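Given next are the chains, with one letter for each unit.
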Amino acid sequence: SSGINAEYGEIESDDTSSIESDLRAESEEEMNEYMRELEEQLKGTTLGESFEKGKDGELDIDFNLVSNILNSFSADSGLEGPASSILASLGVHLPRNEDN
């Protein structure tokens, strides 16, 4: 049987998996729509040119992430800032740049 268990007021597992599947599909469609809108808004900009690409021509997300965090950390000039806060929350503590 499926549906709500009248005695306990619970949703049975086959209904739960159907609901979860529907929510995932809705969430995925919303994300795809968001990405289409974002691409449309950024179409006329040069933002995409500011990212490094790998040898295969694909966007190197890992490299860009690390590069941008390190640039932000460096711009903090030894003070607390967004990059140092994010890194600290991950348990990463970089030494201050003493070359300046």
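Scroll up to find the structure this text is about.
An account of the accompanying structure is given in this report.

What counts and how
Residues numbered from 1 in each chain as written. Predicted model: local features only at pLDDT ≥ 70, side-chain atom pairs only at ≥ 80, totals over all residues. Heavy atoms only, no water. Helix = DSSP H or I, 4+ residues; strand = E, 2+ residues; numbered from the N terminus. Expected span 1.5 Å × (residues − 1). Buried < 20%, exposed > 50% of the residue type's maximum accessible area, 1.4 Å probe, protein only. Arc of directions from axis to C-beta. Contact = heavy atoms within 4.5 Å. Salt bridge = Lys/Arg side-chain N within 4 Å of Asp/Glu carboxyl O.

1. Some thoughts on helix 2 (residues 61-75)
Residues spaced three or four apart along an α-helix face the same direction, because each turn holds 3.6 residues. A rise of 1.5 Å per residue sets the reference length of helix 2, with its 15 residues, at 21 Å; its end C-alpha atoms lie 21 Å apart and thus fit the reference within 8%. Downstream of helix 2 by a residue or two, Ser 77 has a phi angle that is positive, lying close to 50 degrees.

2. Describing helix 3 (residues 82-89)
Those residues of helix 3 that sit buried are Ala 83, Ser 84 and Leu 87. All buried residues of helix 3 fall inside an arc of 95 degrees around its axis, so they share one side. For helix 3, the exposed residues lying more than 90 degrees away from the buried face are Pro 82 and Ser 89. Summarising the contacts, the buried residues of helix 3 are in contact with helix 2. Remark: Gly 91 follows helix 3 within two positions and exhibits a positive phi of approximately 80 degrees.

3. Things to note about the pattern of salt bridges
Taken as a whole and judged by the stated rule, the model has three salt bridges. One salt bridge connects Arg 36 with Glu 29, and the closest N-O pair in it is separated by 3.0 Å. Look at Arg 36 and you get partly exposed, because its relative accessible area is 42%. We note a salt bridge from Arg 36 to Glu 33, for which the minimum N-O separation is 2.9 Å. Highlighted residues: Arg 36 and Glu 33, both in helix 1 (residues 13-42), separated by three residues, approximately one helical turn. Beyond isolated ion pairs, a larger network of salt bridges with shared partners links Glu 29, Glu 33 and Arg 36.

4. Quick look at the side chain of Asn 64
For Asn 64, the location among the structural elements is in helix 2. Apart from residues lying up to four places away in sequence, Asn 64 is in contact with Phe 51, Glu 52 and Leu 59.

Don't take any of this as a statement about function, it's just geometry.
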